[in-house]
Amino acid sequence: MDLISSNPKFKRKILIIWSVLLFLLHTLFTLLSLYDGYISGDIMQQGMDKALGVILPIIALLIIYIRYGVLVSAYHSYERGTLPFTMICVGSLICSRISEHIIYVSQSSAVNPLSYLLSFVTSFMIDLAVVLLLLLFSRGQKERKRKVIRLILIACVFPLIITIFEETWYLINILIEIKAEYGNAALTGTEIGSVIWSFTRPVINAVIGFVIMLVTHKILKKQKLRVQ
């Protein structure tokens, strides 16, 4: 069966390692983001700035999908005793918002307060919605007989749909503004490339997230044999 161990000691071990790992990733992301903001624009630090431009998105993806990876495995495998997993996940969501606010305060002059507030609330609500959907779809009696893939897809596809919708709405508004100002909605090659990337990036992130969650589940499932 596609389940992880229900051994109490194993569950406690997962909770401890998972919470510590998420805390360390949140802390690392926050500190590196602050450092990136500090060196931004410094000609002598361009190399580090570019490196952080790659490292920070990777850490962000690890936070999101390790968070959901363990939660998916727990929801899929356990009929009871999932509250501690839910609490750690929600705690991680709150840590993300705290990190986001710390970064915003340090760079507040460059961000519109209204846009920030809207993004802050929206992202938190989407994250909570993912948790609620996973909880809802995992409570059926037949869940333990299914493969974990269904829950992993929910954790990947729901945020992807929301992001694609947001990007589409943003693009339509931009085209309307351009047409109102210049009489047509034509985009330059650079702008077209930017639009394509804005729709491609969430798809790539979802695929990466799928892999991270699946690997996380396989690692936890493999530990079942050692525990037993």
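Residues numbered from 1 in each chain as written. Predicted model: local features only at pLDDT ≥ 70, side-chain atom pairs only at ≥ 80, totals over all residues. Heavy atoms only, no water.

Draft legend 1. Highlighting the overall build of the protein chain. What the protein chain contains, in helices and strands, is 6 helices and 0 strands. Of the regular secondary structure in the protein chain, the N- to C-terminal order runs α-α-α-α-α-α. The C-alpha extent of the protein chain, read off along each of the three principal axes, is 65 × 40 × 30 Å. A total of 228 residues make up the protein chain; the buried ones form 34% of that total. Across the protein chain, contacts joining residues at least 24 apart in sequence account for 76% of those joining residues at least 6 apart. (Helix = DSSP H or I, 4+ residues; strand = E, 2+ residues; numbered from the N terminus. Buried < 20%, exposed > 50% of the residue type's maximum accessible area, 1.4 Å probe, protein only. Contact = heavy atoms within 4.5 Å.)

Draft legend 2. The arrangement of a nonpolar patch on the surface in detail. There is a patch of nonpolar side chains on the surface, built from Val203, Val207, Val211, Val215 and Ile219 and spanning about 400 Å² of accessible area. Its location among the elements puts Val203 in helix 6 (residues 189–227). The class of Val203 is partly exposed, set by a relative accessible area of 38%. (Patch = residues over 30% accessible without salt bridge, like charges linked within 9 Å, V, L, I, M, F, W, Y side chains within 5 Å. Areas by Shrake-Rupley, 256 points an atom, 1.4 Å probe, with all protein chains shown as cover. Salt bridge = Lys/Arg side-chain N within 4 Å of Asp/Glu carboxyl O.)

Draft legend 3. Layout of the nonpolar core. The biggest cluster of nonpolar side chains holds 41 residues, and the ones touching the most others in it are Trp18, Tyr68, Leu71, Phe85 and Leu134. Mapped onto this core, the elements with two or more residues apiece are helix 1 (8–39), helix 2 (46–77), helix 3 (83–106), helix 4 (113–138), helix 5 (149–182) and helix 6. Counting residues per element, this core draws most heavily on helix 2, which supplies 13 residues. When sequence neighbours within four positions are dropped, the list of residues in contact with Tyr68 reads Cys89, Leu93, Asp127, Val130, Val131, Leu134, Ala155 and Met213. (Core = buried A, V, L, I, M, F, W, Y, C linked by side-chain atoms within 4.5 Å.)

Draft legend 4. Local environment of the pattern of salt bridges. For the structure on display, the rule yields 5 salt bridges. Salt-bridge contacts for Arg97 lead to Glu100; the nearest nitrogen and oxygen are separated by 3.3 Å. In this pair, Arg97 and Glu100 are both assigned in helix 3, 3 residues apart and thus about one turn of the helix distant. A relative accessible area of 11% means that Arg97 is categorised as buried. One continuous salt-bridge network, built from bridges that share partners, spans Arg97, Glu100 and Asp127.

Draft legend 5. Inspection of the packing of aromatic side chains at higher detail. This model, assessed by the stated rule, comprises 4 aromatic pairs. Residues Trp18 and Phe85 carry aromatic rings whose centres are separated by 6.0 Å and whose planes lie at 35° to one another, so their mutual orientation is tilted. Placement of the pair is Trp18 in helix 1 and Phe85 in helix 3, with a sequence separation of 67 residues. Residues Trp18 and Phe85 agree in their burial class; the two are buried. (Phe/Tyr/Trp six-rings, centres within 6.5 Å; stacked < 30°, edge-to-face > 60°.)

Draft legend 6. A look at the environment of Leu31. Its place among the elements puts Leu31 in helix 1. Look at Leu31 and you get exposed, because its relative accessible area is 53%. Between the alpha carbons of Leu31 and Leu117 there is a distance of 22 Å; along the sequence they are 86 residues apart.

Draft legend 7. Quick look at the side chain of Asp127. For Asp127, the position within the fold is in helix 4. Aside from chain neighbours lying at most four places away, what touches Asp127 is Arg67, Tyr68, Leu93 and Arg97.

Draft legend 8. Local environment of the packing of helix 2 against helix 4. Two elements in contact, helix 2 and helix 4, have axes separated by 10 Å at closest approach and are oriented at 20°. By the criterion of interaxial angle, the relationship of helix 2 to helix 4 is roughly parallel. Of the two elements, helix 2 crosses helix 4, and the hand of that crossing is right-handed. Touching Arg67, Tyr68, Leu71, Val72 and Tyr75 of helix 2 are Asp127, Val130, Val131, Leu134, Leu135 and Ser138, all from helix 4. Grouping the constituent residues of the contact of helix 2 with helix 4 by class yields 8 nonpolar, 1 polar and 2 charged. (Axes fitted to C-alpha atoms, helices over the stretch in contact; angles between N-to-C directions. Parallel < 35°, antiparallel > 145°, perpendicular 65-115°, else oblique. Left-handed = near helix turned anticlockwise from the far one by under 90°. Nonpolar A, V, L, I, M, F, W, Y, C, P; charged D, E, K, R; others polar.)

Draft legend 9. The packing of helix 2 against helix 5, seen in detail. At their nearest, the axes of helix 2 and helix 5 sit 9 Å apart, and the two run at 145° to each other. For the pair helix 2 and helix 5, the crossing hand works out as right-handed. For the pair helix 2 and helix 5, the contacting residues are Tyr65, Tyr68, Val72, Tyr75 and His76 in the first and Leu151, Ile152 and Ala155 in the second. The residue inventory of the contact of helix 2 with helix 5, partitioned by class, reads 7 nonpolar, 1 polar and no charged.

Draft legend 10. Up close: helix 5. An ideal rise of 1.5 Å per residue puts 50 Å on 34 residues; helix 5 measures up with 48 Å between its terminal C-alpha atoms. Among all positions of helix 5, only Leu151, Ile152, Ile154, Ala155, Cys156, Pro159, Leu160, Glu167 and Ile178 are buried. (Expected span 1.5 Å × (residues − 1).)

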